[in-house]
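Here are the chains, one letter per residue:
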4 protein chains.
Amino acid sequence: MVVQPDKEALIKRLNRIEGQVRGVNKMVAEDRYCVDILNQVSALQSALDAVAMLLLENHTHGCMQGAIKSGKGDEAIDELMAVVRKFAR
Amino acid sequence: MVVQPDKEALIKRLNRIEGQVRGVNKMVAEDRYCVDILNQVSALQSALDAVAMLLLENHTHGCMQGAIKSGKGDEAIDELMAVVRKFAR
Amino acid sequence: MVVQPDKEALIKRLNRIEGQVRGVNKMVAEDRYCVDILNQVSALQSALDAVAMLLLENHTHGCMQGAIKSGKGDEAIDELMAVVRKFAR
Amino acid sequence: MVVQPDKEALIKRLNRIEGQVRGVNKMVAEDRYCVDILNQVSALQSALDAVAMLLLENHTHGCMQGAIKSGKGDEAIDELMAVVRKFAR
């Protein structure tokens, strides 16, 4: 169990992101111009990227640092790198 | 007005993506392990990337090609490149 | 054969990028701090991204637009999208 | 001073990447087709991405882990996250 340090704020951000997805869906349903929809998808991706970086920051300062201090460093770092590769370009 | 050629399928995909965002939110609320949440965020990003590429494909074959054929090519291409830059690494 | 509209400038930029790669290599050879090397690799990637976007811009305004006007639009757009996918996140 | 664990192999990879940049430059000089050049730039980016991930892996298992064990964890993690953000999408 890991309580995110900024749990309430994080939940609010994800609520907003859910609303952004609904907004994109509505634009498709209303036959809006493709480029306008794509711009909204891009804004949505940026919002998700920011959430991912926050989670990664919390993880490295918290869980990963703790694992390294308690002697399980290499496993924790392999696990981190697997996640970083997913978000890397 | 642009009716996406695969409008119904697209709306279903966006409904599923909305569900994925709710799933991530639930994981945060339930204090789930950061790396598990990050993996779900990554899956969500991939689903959104696929939607973006589909919209871009529809746009280039449809609107952009039409604009070029009707003599408004350079504006349409500038508009395209502005979007491509947003999704480029 | 496609003469890039900004051929000389492009060649100069690629010469500079070649120098940046040599600089990164020298840092590894001289046992420099990993984070300093990574920052140089990141600067190098940005320089290459900019070159890629310039080539893509030249291609869309030039070859692709020409192909669409001469009736070979769908092939040209499929080819474009295959490239865009490679540079998309 | 940080000796990369796979220093010789890394230097060889960077030599090959330098050759790839020269290859791209030659393609521009010889007026080759834009899409062919872009495909080579994309291959080059992938080779650089792989080098970046290797350096990051060496850094996290080596320097960063060491810093955390010697009580300088938060600075080391802030430094890591600043680099990860540069390579994140």
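Residues numbered from 1 in each chain as written. Chains lettered and ligands numbered in written order. Predicted model: local features only at pLDDT ≥ 70, side-chain atom pairs only at ≥ 80, totals over all residues. Heavy atoms only, no water.

Before going further, it helps to examine the packing of helix α1 (residues 7-29) of chain C against helix α1 (residues 7-29) of chain D. For the pair α1(C) and α1(D), interaxial distance at closest approach is 9 Å and the crossing angle is 175°. Comparing the axis directions of α1(C) and α1(D) gives the class roughly antiparallel. Along the lines of polarity and charge, the residues of the contact of α1(C) with α1(D) split into 16 nonpolar, four polar and six charged. (Axes fitted to C-alpha atoms, helices over the stretch in contact; angles between N-to-C directions. Helix = DSSP H or I, 4+ residues; strand = E, 2+ residues; numbered from the N terminus. Parallel < 35°, antiparallel > 145°, perpendicular 65-115°, else oblique. Nonpolar A, V, L, I, M, F, W, Y, C, P; charged D, E, K, R; others polar.)

Below, the discussion takes up the pattern of salt bridges. Tallying each qualifying case throughout the model produces 28 salt bridges over all chains. Here K7(B) ties to D31(A) by a salt bridge, and the two come within 2.8 Å at their closest N and O atoms. One end of the pair, K7(B), is in helix α1 (residues 7-29); the other, D31(A), is in the loop between α1 (7-29) and α2 (34-69), on a second chain. For the salt bridge of K26(D) with E30(D), the shortest nitrogen-to-oxygen distance reads 3.4 Å. Several salt bridges share partner residues, and in doing so they unite E18(A), R22(A), E18(B) and R22(B) into one network. (Salt bridge = Lys/Arg side-chain N within 4 Å of Asp/Glu carboxyl O.)

Moving on to the relation of the copies chain A and chain B. Laying chain A over chain B is done by rotating through 180° and shifting 0.0 Å along the axis; what remains is an RMSD of 0.0 Å. Overall, the copies show the geometry of a two-fold rotation axis. A shared interface surface links the copies, since 100% of the contact residues of chain A are contact residues in chain B too. (Least-squares fit on C-alpha atoms with pLDDT ≥ 70 in both. Contact = heavy atoms within 4.5 Å.)

Every contact between the two is made by 22 residues of chain A and, on the other side, 22 residues of chain D. Summing both sides of the interface, chain A and chain D together bury roughly 2200 Å²; the carbon and sulfur share of this comes to 61%. The tally of links from chain A across to chain D stands at four salt bridges. In this assembly, chain A and chain D are joined by twelve residue pairs in polar contact (both at pLDDT 80 or more). The element contributing the most residues to the side of chain A that touches chain D is α2(A), with eleven residues. Residues belonging to the side of chain A that touches chain D are distributed by class as follows: ten nonpolar, five polar and seven charged. (Buried area = accessible area lost by both parts, 1.4 Å probe. Polar contact = N/O pair within 3.5 Å; in protein donor to acceptor, adjacent residues only side chain to side chain.)

Here the focus is the relation of the copies chain A and chain D. Comparison of the two chain copies shows a relationship of rotation about an axis with a shift along it. With an axial shift of 0.0 Å and an RMSD of 0.0 Å, the rotation relating chain A to chain D amounts to 180°. Comparing interface residues between copies, 100% of those in chain A also lie at the interface in chain D; the contact surface is shared.

Of note, the phi angle at D31(A) is positive, near 60°, even though the residue is not glycine. Exposure remark for D31(A): the relative accessible area of 13% places this residue in the buried category. (Buried < 20%, exposed > 50% of the residue type's maximum accessible area, 1.4 Å probe, protein only.)

Let us look at the interface of chain A and chain B. Counting residues at the interface gives 42 residues for chain A and 42 residues for chain B. Across the chain A to chain B interface the summed buried area is about 4200 Å²; carbon plus sulfur atoms make up 67%. Its largest share of buried area at the contact with chain B, chain A owes to N25(A), D31(A) and L38(A), together 15% of the area lost on that side. At the junction of chain A with chain B, the criterion picks out four salt bridges. At the boundary of chain A with chain B, the tally comes to 18 residue pairs in polar contact (both at pLDDT 80 or more). Counting only elements with at least two residues in the side of chain A that touches chain B, the list comes to α1, α2 and α3 (73-87) of chain A. Per-element accounting of the side of chain A that touches chain B gives the leading share, 16 residues, to α2(A). When its residues are assigned to classes, the side of chain A that touches chain B shows 25 nonpolar, seven polar and ten charged.

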